[in-house]
Amino acid sequence: MLCGALLAGATACGSDSDSVSATKASSSATTKAEKQKFAKTRFAANAGLAAGATYQWIVKPYRAGKFKAGADGRRFALVKAGLAGAFTYNRLKAASKNAEGDPTLSKAVGPLSAGIASLKGLSTKLRKGEGLGDVTSSFNEVISGVKDAGKSAGAEVTNKVPSASQLTKGS
């Protein structure tokens, strides 16, 4: 009953198409401005998660010898590294898209696109335990490049280790 009264009241007020289109225009303009305004923040958050995952589950276990044949927990470490590799690729792609929203950041991150793209198939190699030294250094180099690019554009990237649920969901 109350809903019907509210609907009837809204209909009785009339529909001014100018105000509707003005509302639509202002909401889309705000959305674009927000995307531009928060581009560096989003970039730093996504790149930070990628850096944290890379260090925590790829670089650190590799340096500790967890990926060597016969090491305790090797299989589990490789599976986590594979998930971290996929997660890192996903977050770096998102960070790259975020960088497009800021002119300075897009110029700094643009040259790294090929490096980010090269990480795509490496998570499978991590899970299988193939070429671990090269794969680990590839991830580390791309993360270092993204951090340097962010720093030069005023978007400082700090490592943020993602939760296990974020890692398995990929975002």
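Quick caveat, the model's predicted, so the values are computed rather than measured. (Residues numbered from 1 in each chain as written. Predicted model: local features only at pLDDT ≥ 70, side-chain atom pairs only at ≥ 80, totals over all residues. Heavy atoms only, no water.)

### Examining the overall build of the protein
If you tally the helices and strands in the protein, you get 9 helices and 0 strands. Helices and strands appear in the protein in the N-to-C order α-α-α-α-α-α-α-α-α. With 171 residues in all, the protein has 35% of them scored as buried. Once local pairs closer than 6 in sequence are excluded, the contacts in the protein between residues at least 24 apart make up 78%. When the accessible surface of the protein is totalled, it reaches about 10000 Å², and 56% of it is carbon and sulfur. (Helix = DSSP H or I, 4+ residues; strand = E, 2+ residues; numbered from the N terminus. Buried < 20%, exposed > 50% of the residue type's maximum accessible area, 1.4 Å probe, protein only. Contact = heavy atoms within 4.5 Å. Areas by Shrake-Rupley, 256 points an atom, 1.4 Å probe, with all protein chains shown as cover.)

### Looking at the packing of helix 4 (residues 74-99) against helix 8 (residues 132-152)
Contact pair helix 4 / helix 8: the axes reach a minimum separation of 12 Å and the direction vectors enclose 35 degrees. Seen along the crossing, helix 4 lies across helix 8 with a hand that is left-handed. Residue-level contacts link Arg-74, Leu-78, Gly-85, Thr-88 and Leu-92 of helix 4 to Leu-132, Phe-139, Val-142, Ile-143 and Val-146 of helix 8. The residue inventory of the contact of helix 4 with helix 8, partitioned by class, reads 7 nonpolar, 2 polar and 1 charged. (Axes fitted to C-alpha atoms, helices over the stretch in contact; angles between N-to-C directions. Left-handed = near helix turned anticlockwise from the far one by under 90°. Nonpolar A, V, L, I, M, F, W, Y, C, P; charged D, E, K, R; others polar.)

### Focus on the environment of Gly-110
One can find Gly-110 in the loop between helix 5 (103-109) and helix 6 (113-118). On a C-alpha basis, the gap between Gly-110 and Ala-99 in space is 8.3 Å, while along the polypeptide they are 11 residues apart.

### Describing the packing of helix 3 (residues 39-63) against helix 8
In a pair of packed helices, the angle between the axes and the distance between the axes together describe the arrangement. In contact at an axis separation of 10 Å, helix 3 and helix 8 are set at 150 degrees when each is read in the N-to-C sense. When the interaxial angle is binned, helix 3 and helix 8 end up roughly antiparallel. Considering the relative orientation of helix 3 and helix 8, their crossing is left-handed. Contacts between helix 3 and helix 8 involve Phe-43, Ala-47, Ala-50, Ala-51, Thr-54, Ile-58, Val-59, Tyr-62 and Arg-63 on the former and, on the latter, Leu-132, Gly-133, Thr-136, Phe-139, Asn-140, Ile-143, Val-146, Lys-147 and Gly-150. Looking at side-chain class alone, the contact of helix 3 with helix 8 contains 11 nonpolar, 5 polar and 2 charged residues. (Parallel < 35°, antiparallel > 145°, perpendicular 65-115°, else oblique.)

### Focus: the side chain of Thr-136
Within the secondary structure layout, Thr-136 lies in helix 8. Look at Thr-136 and you get buried, because its relative accessible area is 5%.

### Considerations on the confidence of the model for the protein
When pLDDT is averaged across the protein, the result is 81; 78% of the residues are at 70 or more. Confidence, read as mean pLDDT per element, is least for helix 1 (residues 2-12) in the protein (42) and greatest for helix 3 (95). A low-confidence stretch, residues 1-34 (pLDDT under 50), is modelled with 0 contacts involving residues beyond four sequence positions or located in other chains. (pLDDT = per-residue confidence, 0-100.)

### Quick notes on the packing of aromatic side chains
Two aromatic rings, taken as a pair, are described by how far apart their centres are and by the angle between their planes. For the coordinates displayed, the defined rule picks out 1 aromatic pair. Considering the side-chain rings of Tyr-62 and Phe-67, the 6.3 Å spacing of their centres and the 45 degrees angle between planes classify their relative orientation as tilted. (Phe/Tyr/Trp six-rings, centres within 6.5 Å; stacked < 30°, edge-to-face > 60°.)

### Some remarks on the nonpolar core
Of all hydrophobic cores here, the largest spans 35 residues; its most connected members are Phe-43, Leu-92, Leu-105, Leu-119, Leu-126, Phe-139 and Val-146. For this core, the secondary structure elements donating two or more residues are helix 3, helix 4, helix 5, helix 7 (122-128) and helix 8. Among the elements that take part in this core, helix 4 stands out by supplying 9 residues, more than any other. In this view, Leu-105 contacts Ala-39, Lys-40, Phe-43, Ala-99, Ala-149, Gly-150, Ala-153 and Ala-155; residues no more than four positions away in its chain are not counted. (Core = buried A, V, L, I, M, F, W, Y, C linked by side-chain atoms within 4.5 Å.)

### Quick word on helix 3
With 25 residues, helix 3 should cover 36 Å at 1.5 Å per step; its first-to-last C-alpha distance of 34 Å lies within 8% of that length. Of all the bends in helix 3, the greatest, near 40 degrees, is centred on Tyr-55. Gly-65 sits one or two positions beyond helix 3 and adopts a positive phi of about 80 degrees. (Expected span 1.5 Å × (residues − 1). Bend = angle between axes of the 7 residues up to and from the residue.)

### Side note on the side chain of Thr-88
In this structure, Thr-88 sits in helix 4. Take Thr-88: its relative accessible area is 0%, and that puts it in the buried class. A distance of 3.5 Å separates a polar atom in the side chain of Thr-88 from the backbone oxygen of Ala-50. Once residues lying within four places of it in the same chain are set aside, the contact partners of Thr-88 are Ala-50, Ala-53, Thr-54, Phe-139 and Ile-143. (Polar contact = N/O pair within 3.5 Å; in protein donor to acceptor, adjacent residues only side chain to side chain.)

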